[in-house]
Amino acid sequence: MGFQARRTHNSIMVMLNVPEQKYRILEVLAEIVLFNIIPNKYSEYKRWKILHLNKSSKFETHLDYTIQYKIISYFCCARGGAATWRRGGGCGGARSPSLAPCTMKLPGNPGSRVAALLPLCLFVLKTWVPVQAYLYNNRYAGDKVIRLVPGSDKETQALKSVFHQLKVELWQPSSFSYISEGTVTDLRVPRNSSRVLLPYLQQANIQYTILISDLQQAIEKQTGLRSSRNRRSVPGYNYEVYHSLKEIQNWMYQLNKTHSDLIHMFSIGKSYEGRQLFVLKLGKRSRRYKRAVWIDCGIHAREWIGPAFCQWFVKEAIKTYQSDPAMRRMLNQLYFYIMPVFNVDGYHFSWTDDRFWRKTRSKNSKFHCHGVDANRNWKVKWCDEGASFHPCDDTYCGPFPESEPEVKAVAHFLRKRRKQIKAYLSFHAYAQMLLYPYSYKYATIPNFTCVESAAYKAVNALQSAYGIRYRYGPASSTLYVSSGSSMDWAYKNGIPYAFAFELRDTGHFGFLLPEALIKPTCTETMLAVKNITMHLLKKCH
């Protein structure tokens, strides 16, 4: 079998987005039919495909399922031997495939092994080719993301009232309580609500910008065709795509096996839904006691770029340990505790049900709403300003501090190692900021000079890569006041360097940062993290 034929067939199956195992079986069946029974049909199929390529330059990505069905059918039913196409249906003398089923005329002995596979191929075709390829059951079709800035207190109050009535979803800021005059506000507006909201804004002469005109299309564009990616083994693991929870955990297992000199994988507990909370301990076992850095990603489920960076950091550490003196020094003198996915239940849910889910997945006995904001559930000014007592709000603080098993497990782990851990780094999106305490109040931290110096050098290092500018400063004044955050808790529990990154971008893509931007985002963030770590290794007075 030639490479060209295999490549062509692979591209067809990629477009169909057939699950991995089913794709492999169907591929084998199609190849048997094409190359062993009707080899003359490949050249005809190729000419037919080129004809359609000339008609549409978007053939590969926007081919409708009628044509996709025809292409695969061509492997199972073609004229000149095994079967022929009949114009308008069945088999006959048509020059191009028809969507109608074909009637088989098996060559040679009807009982032959190869011929017997033809009906099976058609069965597989009809059973496994999906009716539609929409992610999340097309639930976001027609939804928009808009940006507006209230110009007065009167406008602010009017907008808040309309937002609550229409049940729009805030992307930035995280709570309606943060919206005031001059606040940049990003909203996800459901399709039906946009028909009311947009005319209202126009009539009230309130300026707005449409950031994303169709959210479903943006989702499809961000994730692409998942089956086309190489996700099967660590040597071929693709760090420039987003990965599901299962894929990330399998990746962790493999690294634990293949790089046991630098990596140790362990669990610190279980989530609400019973999933393991895995952590990677990264560093050279050079001596018994070493200072440490904690890194977590994915506290908020929808912020996929966070877990992507955690994976990138581990990859770069392993890859450059021998060649980069700075990395070698970091891993020789420090341990890194890395939690690629903090909110495992929520992250999984954001892949299967709701792309924009933020909270954990715990249940509330009095309300039908699920989840708690895992970054409002820590025991530091718990449920004060910037947090909500209502279980249906995105900033719900929970019934009590550390009510969430994920938060409780991490807090317990950090408490036991509070003398060892010298830096806490948490990765979020989106805003392009580097934040440090305090978040719950407007006040200056005791070691402000050292922390501010580390932040300044970090954002400068980050900007040196691609020119991307990050704002930096205390979270309360740089972003907004929020209580019960992990960063404030870490600082209050004796970790002197506590930072929260808000990664790319500033709203053009929002939570749907394209996979093409994973590499530049992680590359520049890596420079910032290395800079903070090297600052930690020096004495600051």
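Calculation rules
- Residues numbered from 1 in each chain as written.
- Predicted model: local features only at pLDDT ≥ 70, side-chain atom pairs only at ≥ 80, totals over all residues.
- Heavy atoms only, no water.
- Helix = DSSP H or I, 4+ residues; strand = E, 2+ residues; numbered from the N terminus.
- Contact = heavy atoms within 4.5 Å.
- Areas by Shrake-Rupley, 256 points an atom, 1.4 Å probe, with all protein chains shown as cover.
- Core = buried A, V, L, I, M, F, W, Y, C linked by side-chain atoms within 4.5 Å.
- Buried < 20%, exposed > 50% of the residue type's maximum accessible area, 1.4 Å probe, protein only.
- Domains from an automatic or database assignment.
- UniProt positions renumbered as here; feature names shortened; annotations may be inferred.
- Polar contact = N/O pair within 3.5 Å; in protein donor to acceptor, adjacent residues only side chain to side chain.
- Pairing = 2+ DSSP bridges.
- Axes fitted to C-alpha atoms, helices over the stretch in contact; angles between N-to-C directions.
- Disulfide = S-S within 2.5 Å.
- Arc of directions from axis to C-beta.
- Salt bridge = Lys/Arg side-chain N within 4 Å of Asp/Glu carboxyl O.
- 1 Å grid on protein atoms, 1.4 Å probe; cavity = no way out; pocket = protein on both sides within 12 Å on 5 of 7 lines; lining within 4 Å.
- Points joined across faces, edges and corners; volume = space filled by probe spheres on them.
- Nonpolar A, V, L, I, M, F, W, Y, C, P; charged D, E, K, R; others polar.
- Parallel < 35°, antiparallel > 145°, perpendicular 65-115°, else oblique.
- Left-handed = near helix turned anticlockwise from the far one by under 90°.

Asker: A description of the overall build of the protein should follow, citing residues and the corresponding values.
Answerer: Broken down by element type, the protein carries 18 helices and twelve strands. Here the analysis covers contacts within the protein between residues at least 6 apart in sequence; of these, 72% occur between residues at least 24 apart. For the protein, the exposed surface amounts to about 24100 Å²; the carbon and sulfur share of it is 52%.

Asker: Report on the nonpolar core, specifying residues and quantitative values.
Answerer: Among the nonpolar cores identified, the biggest contains 117 residues, and Ile268, Trp294, Ile295, Phe336 and Phe499 are the most heavily contacted of them. The residues that make up this core include at least three from each of domain 1 (138-222) and domain 2 (237-537). Residues within four places of Phe499 in sequence aside, it is in contact with Tyr424, Leu425, Ser426, Leu434, Leu435, Tyr436, Val451, Ala454, Ala455, Met487 and Ile532. The next biggest cluster of nonpolar side chains, apart from the first, holds 16 residues, and it includes Ile146, Leu148, Leu166 and Val168.

Asker: Let's hear about the UniProt feature "active site" (unreviewed entry) in the protein: which residues, and what values?
Answerer: Within the UniProt annotation, "active site" (unreviewed entry) is assigned to Glu502. Within the fold, Glu502 resides in strand β12 (residues 497-503). What makes Glu502 buried here is its relative accessible area of 11%. With sequence-adjacent residues up to four places away left out, Glu502 is seen in contact with His428, Ala429, Tyr430, Ala431, Gln432, Met433, Leu435, Tyr470 and Leu479. Within the local environment of Glu502, its side chain forms a polar contact with the backbone nitrogen of Tyr430, the two atoms lying 3.5 Å apart.

Asker: Give a description of the sheet that holds strand β1 (residues 144-148) that names residues and reports values.
Answerer: Spatial strand order, β2-β3-β1-β4: four strands in an open sheet with antiparallel pairing. The open sheet has two edge strands, β2 (169-172) and β4 (208-212), and neither has a second partner. Averaged over all adjacent pairs, the angle separating strand axes in this sheet is 30°, with direction ignored. Where β1 and strand β3 (residues 185-189) come together, five bridges link them in antiparallel fashion. Of the residues in β3, the one forming a bridge with Lys144 is Val189. Against the sheet, helix α8 (residues 191-203) touches β1, β3 and β4, its axis set at about 25° to β1.

Asker: Please set out the state of the cysteines residue by residue, giving values where relevant.
Answerer: Counted according to the given criterion, the structure contains four disulfides. Sulfur-sulfur distance for the disulfide between Cys369 and Cys392 comes to 1.8 Å. The disulfide joining Cys369 to Cys392 has a torsion of about 80° about its S-S bond and is therefore right-handed. In this pair, Cys369 sits in the loop between α13 (344-352) and α14 (405-416) while Cys392 sits in the loop between α13 and α14, placing the two residues 23 residues apart along the sequence. The partly exposed category is assigned to Cys369, whose relative accessible area is 22%. Its relative accessible area of 35% is what places Cys392 among the partly exposed residues.

Asker: Describe helix α12 (residues 325-333), with residues and values.
Answerer: One full turn of an α-helix is made of 3.6 residues, so residues set three or four places apart face in the same direction. Those residues of α12 not exposed but buried are Met327, Met330 and Leu331. In an axial view of α12, the angular spread of the buried residues amounts to 90°, which keeps them on one side of the axis. Of the surrounding elements, those touching the buried residues of α12 are β6 (276-282), α11 (305-320), β8 (334-339) and α18 (518-537). Two to three positions downstream of the cap, the backbone nitrogen of Ala326 sits 3.1 Å from a side-chain oxygen, assigning the N-cap of α12 to Asp324.

Asker: Before we move on, could you go through the pattern of salt bridges and cite the residues and values that matter?
Answerer: Opposite charge on two side chains makes pairing possible when the charged atoms of those side chains draw close. Counting across every chain of the model gives twelve salt bridges. Here Asp186 ties to Arg147 by a salt bridge, and the two come within 2.6 Å at their closest N and O atoms. You can see Asp186 sitting in strand β3 and its partner Arg147 sitting in strand β1, a full 39 residues away along the chain. Between Asp373 and Arg358 there is a salt bridge, and its shortest N-O distance comes to 2.6 Å. You can see Asp373 sitting in the loop between α13 and α14 and its partner Arg358 sitting in the loop between α13 and α14, a full 15 residues away along the chain. As far as the burial class goes, Asp373 and Arg358 line up, both buried.

Asker: Just give me the short version of empty space enclosed by the protein, but keep the residues and values in it.
Answerer: By the definition in use, this model includes five cavities of 30 Å³ or more. A volume near 260 Å³ is recorded for the largest cavity. Looking at the lining of the largest cavity residue by residue, the class counts come to eleven nonpolar, nine polar and five charged. If you count residues domain by domain, the lining of the largest cavity takes at least three from each of domain 1 (138-222) and domain 2 (237-537).

Asker: Which residues make up the pairing of strand β9 (residues 421-429), and what are the values?
Answerer: In terms of burial, β9 is largely enclosed, as eight of its nine residues are buried. Both β9 and β12 contribute to a ladder of seven bridges, which runs parallel. Paired with Tyr424 across the two strands is Ala498, which belongs to β12.

Asker: How would you summarise the packing of helix α7 (residues 153-166) against α8 if you had to cite specific residues and measurements?
Answerer: Interhelical geometry of α7 versus α8 gives an angle of 165° and a closest axis separation of 11 Å. Considering their axes alone, α7 and α8 lie roughly antiparallel with respect to each other. Crossing hand, α7 versus α8: right-handed. Contact residues: α7 offers Ala158, Leu159, Val162, Phe163 and Leu166, while α8 offers Ser193, Val196, Leu197, Tyr200 and Leu201. Grouping the constituent residues of the contact of α7 with α8 by class yields nine nonpolar, one polar and no charged.

Asker: Describe in detail α13, supporting the description with residues and values.
Answerer: Counting buried positions along α13 yields seven of nine residues, so the element is predominantly enclosed. When we look at burial in α13, the residues that qualify are Val344, Asp345, Gly346, Tyr347, Phe349, Ser350 and Trp351. The elements touched by buried residues of α13 are α10 (245-258), β6, α11 and α14.

Asker: An account of the sheet that holds β6 is needed here, citing residue identities and associated values.
Answerer: Two orientations exist for strands paired in a sheet by backbone hydrogen bonds: parallel and antiparallel. Taken in spatial order, the eight strands of this open sheet run β5-β6-β8-β7-β9-β12-β10-β11, and their pairing is mixed. Edge positions in the sheet fall to β5 (263-270) and β11 (471-474), since each has one partner strand and no second. Within the sheet, the average angular offset between the axes of one strand and its neighbour, ignoring direction, is 20°. Where α14 meets the sheet, it contacts β5, β6, β7 (291-297), β8 and β9, and its direction lies at approximately 125° from that of β5.

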